[in-house]
Amino acid sequence: MDDINLNNIKNNDKLITAVLGGLIGLIVFLAIYGLAPLNPTNDTFVLSGYLEKDVAQHYAGWKLFRNSPWSFPLGVGSHIEYPYGNSVSYTDSIPLFAIFFKAISGILPQTFQYFGIFVMLCFVLQGVFGALLTSLFAECKVYCSIGALLFSLSPVLIERSFRHCALAAHFLILSALYYYFKNRRKTKWSYIPFYIINALAITIHPYFLPFTFAIMFAFAVEDFIIGRNWWKPWFNIIFSIVITLGVGYCIGAFTSGEVLGAVGYGYFSMNLNSYINPVSPHFEGANNWSQLISDRAYFGGQNEGFNYLGVGVIAAAALSLSAVIITQFKTAAKSFINHFGIIFSTACLTVFAFSNAVYWDGQLLLAIPYSEKLQLLFGMFRATGRFGWMLFYLVFLLALYGIYIAVKNPKIACAVIVPLMLLQIYDLSGVLKEKHDYFYNFSTENRQYRAMEAQHPFWEDAVQKVDGVMEVGDVHAPLFGNGMIDLASMCGTYNKHINSCFCARFNYHERYAIAENEENLFEAGEYNNLLYVFEERIFRDTYYLTMNDRCQVFIVDGQYTMVPFIYSEEEIAEFTAMGNFEELDFEDVVFDEN
């Protein structure tokens, strides 16, 4: 791209372009979500777990971390995965924001959520870098503003927002691409922006690191071959890795224990149809991504690899590619070859997005066997479908780039791109309206996609009377479904600890040790001042040991639980009258022997 229309760059006012882009990103955010998410004391939409439980988990992680004593690494909270502690990196609570707001926690209200502020900033920065990327080949501020609007309406950005907030930081990809293209044009290629972007990425979400380092690698390879710098590129990559690892260590990104991988590799992958398939993780009647294209089939969890471009972008990219081939084929081909590094990096990420099994719709086309060791390695980034985002954004850039350089006239370029932009908005209008209707004035309308599983008032009452919550059972998966997230959130509210919080990564051996220790205590007839949540197998094995005059056992919301104190008969009667509550007496319990 630096071979084409290079003179436009010299005349472009970057500051004005960036400010306009940021304003457009802000307007898009406010138009879709309104002001309600920006109220830090309004946590209703977070607790409801928009579309699924993830954001409620992230909020619970923040609340537990906020009330944990300070320690080093800074991002580790002992109230998470108590008593060993875990990092907010693995509750996806955005460590950068969690650590900052914990530092000023004393002046914050008791109820405080920063997820709305974070997502808003993601949209602002998406607009900033969308405009700046466009400005690398277009001197027209109007055209750059249209570029900012297109990037701010990115389907993959909107899909992640408030479902998985940390993964809304797509500006990290755009900023890395911006400095990749921009700094190649200088006599002396600068690596400093990549240091900052890589270090920032690990403080937000580690899934962005493969993108930012892949772009830096592309920059370094091209510097090595084109710039004939034999040692500088590799020194800079190593130095950036050291800085990023150092920042990661300080925030506790490596404290999850011996197992960093997780199951799901090959299941949460990208389908060959992902760029034209308007299907994302959703509930029935939610997320109507296209007014013009019908949903297509996919395998397993490949809707996690959602990468729908939108009809407007598909049409613009096709027109741009055709225009470039017709009007500037030789120059464009030379520019394409000259950017071999970014092409290679994008190809690698896209291949990884497909994982070991390639599907078109629901049809398997290719399957490559792999060992358990590779499963563990690839499981570090098990949701590989997300790595289609690199190609996704390069297609967005192509859609803008080709039209502008082909017509060579800003007014004509704007006249061409505006109808395609309107087509894109119309195509996405269904989902934009759904999200607008859901979030606007949310503070006055408690709509819940995810109903709380720990609904009974007993839970909140019991949490306030104990030191924390202890899960006793299968260490590989929390009990009580998403009810453990509800209990974790209550623990965060009342400054208690919990040994389970649905962390993305955790130490299996430590969890085994906790479960074993509690079972040993039961056998000795001892209990801590905890609210115990039992796996039925453990309850069956230790039931007779839990029945004494110092504790009570209940089934609440379908979950076996025990408290190491005695509720009065009046309190038991009141809880029972509310439904989904049963006190267990030894003589009345009959277990199915099968």
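That block above? That's the structure.
Reading the values: the criteria
- Residues numbered from 1 in each chain as written.
- Predicted model: local features only at pLDDT ≥ 70, side-chain atom pairs only at ≥ 80, totals over all residues.
- Heavy atoms only, no water.
- Buried < 20%, exposed > 50% of the residue type's maximum accessible area, 1.4 Å probe, protein only.
- Helix = DSSP H or I, 4+ residues; strand = E, 2+ residues; numbered from the N terminus.
- Pairing = 2+ DSSP bridges.
- Core = buried A, V, L, I, M, F, W, Y, C linked by side-chain atoms within 4.5 Å.
- Contact = heavy atoms within 4.5 Å.
- Phe/Tyr/Trp six-rings, centres within 6.5 Å; stacked < 30°, edge-to-face > 60°.
- Lys NZ or Arg CZ within 6 Å of the ring centre and 35° of its normal.
- Expected span 1.5 Å × (residues − 1).
- Arc of directions from axis to C-beta.
- Axes fitted to C-alpha atoms, helices over the stretch in contact; angles between N-to-C directions.
- Salt bridge = Lys/Arg side-chain N within 4 Å of Asp/Glu carboxyl O.

Participant: Please clarify how the pairing of strand β7 (residues 530-534) should be interpreted in this entry.
Facilitator: Successive residues of a regular strand alternate their side chains across the two faces of the sheet. β7 sits mainly inside the fold: five of its five residues count as buried. Of the two faces of β7, the one holding Leu530, Tyr532 and Phe534 and the one holding Leu531 and Val533 are both buried throughout. Two elements, strand β5 (residues 468-472) and β7, share five bridges in a ladder whose sense is parallel. Looking at the pairing, Val472 lines up with Phe534 of β7. Note that β7 and strand β9 (residues 559-563) share two bridges and pair antiparallel. Looking at the pairing, Val533 lines up with Thr561 of β9.

Participant: Mind showing me how you'd approach the nonpolar core here?
Facilitator: Nonpolar side chains in soluble globular proteins generally cluster together in the buried interior. Residues Tyr143, Phe458 and Leu487 are the most contacted members of the largest nonpolar core, which totals 161 residues. At 14 residues, the largest contribution of residues to this core is made by helix α17 (residues 389-407). Residue contacts for Tyr143: discarding those within four places in its chain leaves Thr134, Phe137, Ala138, Leu400, Ile403, Tyr404, Ala413, Cys414 and Ile417. Core analysis: the second largest hydrophobic core is formed by 14 residues, Met470, Val472, Ile514 and Cys551 among them.

Participant: Even after reading the chapter, I still don't get the pairing of β5, so can you show me in this structure?
Facilitator: Among the five residues in β5, five count as buried, and that is most of the element. Every second residue of β5 is oriented toward a common face, with Gly468, Met470 and Val472 on one face and Val469 and Glu471 on the other, all of them buried. Pairing of β5 with strand β6 (residues 497-498) involves two bridges; the strand directions are parallel. Its bridge partner being in β6, Gly468 is matched across the sheet by His497.

Participant: Is there a simple way to think about the packing of aromatic side chains in this case?
Facilitator: How two aromatic rings sit relative to each other is set out by the distance from centre to centre and by the angle between their planes. Under the counting rule described, the total for this entry stands at 62 aromatic pairs. Between the aromatic rings of Tyr438 and Phe439, the centroid separation amounts to 5.1 Å while the plane-to-plane angle is 70 degrees, which identifies the pairing as edge-to-face. Neither residue differs from the other here; Tyr438 and Phe439 are each classed as buried. What links up through ring pairs into an aromatic cluster is the set Tyr59, Trp62, Phe97, Phe100, Phe101, Phe112, Tyr114, Phe115 and Phe118. Over the face of the ring belonging to Trp70 we find Lys102, whose NZ or CZ atom lies 4.4 Å from the ring centre. If you follow Arg386 out to its NZ or CZ, it ends over the ring of Tyr207, 4.5 Å from the centre.

Participant: What should I look at first to understand helix α12 (residues 232-251) in this one?
Facilitator: Given 3.6 residues per turn, any residue in an α-helix points the same way as the ones three and four places further on. With 20 residues, α12 should reach 28 Å at 1.5 Å per residue; the first-to-last C-alpha distance of 29 Å fits that figure. Lys232, Pro233, Asn236, Ile237, Ser240, Thr244, Gly248 and Ile251 are the residues of α12 that are buried. End-on, the buried residues of α12 take up no more than an arc of 135 degrees, which puts them together on one face. Turned more than 90 degrees away from the buried face of α12 sit Ile238 and Val242, all of them exposed. Buried residues in α12 make contact with β1 (76-77), β2 (86-87), α5 (95-103), α10 (192-204) and α11 (209-225). Just downstream of α12 lies Gly252, where phi reads positive at about 85 degrees.

Participant: Looking at this structure, how should I read the sheet that holds strand β8 (residues 552-556)?
Facilitator: Working definition: the strands of a sheet are paired by backbone hydrogen bonds and lie parallel or antiparallel to each other. Across the sheet, which stays open at both edges, the six strands sit in the order β6-β5-β7-β9-β8-β10 with mixed pairing between neighbours. Of all the strands in the sheet, just β6 and β10 (581-583) have a single pairing partner and so form its edges. Together, β8 and β10 form the strand contacts of helix α23 (residues 569-577), whose direction differs from that of β10 by roughly 145 degrees.

Participant: Looking at this model, I keep getting lost on the pattern of salt bridges. Mind explaining?
Facilitator: Throughout the structure, instances matching the rule amount to 11 salt bridges. With its nearest N and O atoms 2.6 Å apart, the salt bridge here joins Glu304 to Arg160. Of this pair, Glu304 sits in the loop between α12 and α13 (311-327) while Arg160 sits in helix α8 (residues 155-160), and the two are 144 residues apart along the sequence. Just as Glu304 is buried, Arg160 falls in that class too. Measuring nitrogen to oxygen at the nearest pair gives 3.1 Å for the salt bridge that ties Lys465 to Asp461. Note that Lys465 and Asp461 are positioned in helix α19 (residues 457-465) at a spacing of four residues, about one turn of the helix. Exposure remark for Asp461: the relative accessible area of 25% places this residue in the partly exposed category. Residues joined in a network through salt bridges with shared partners are Glu159, Arg160, Arg163, Glu304 and Arg386.

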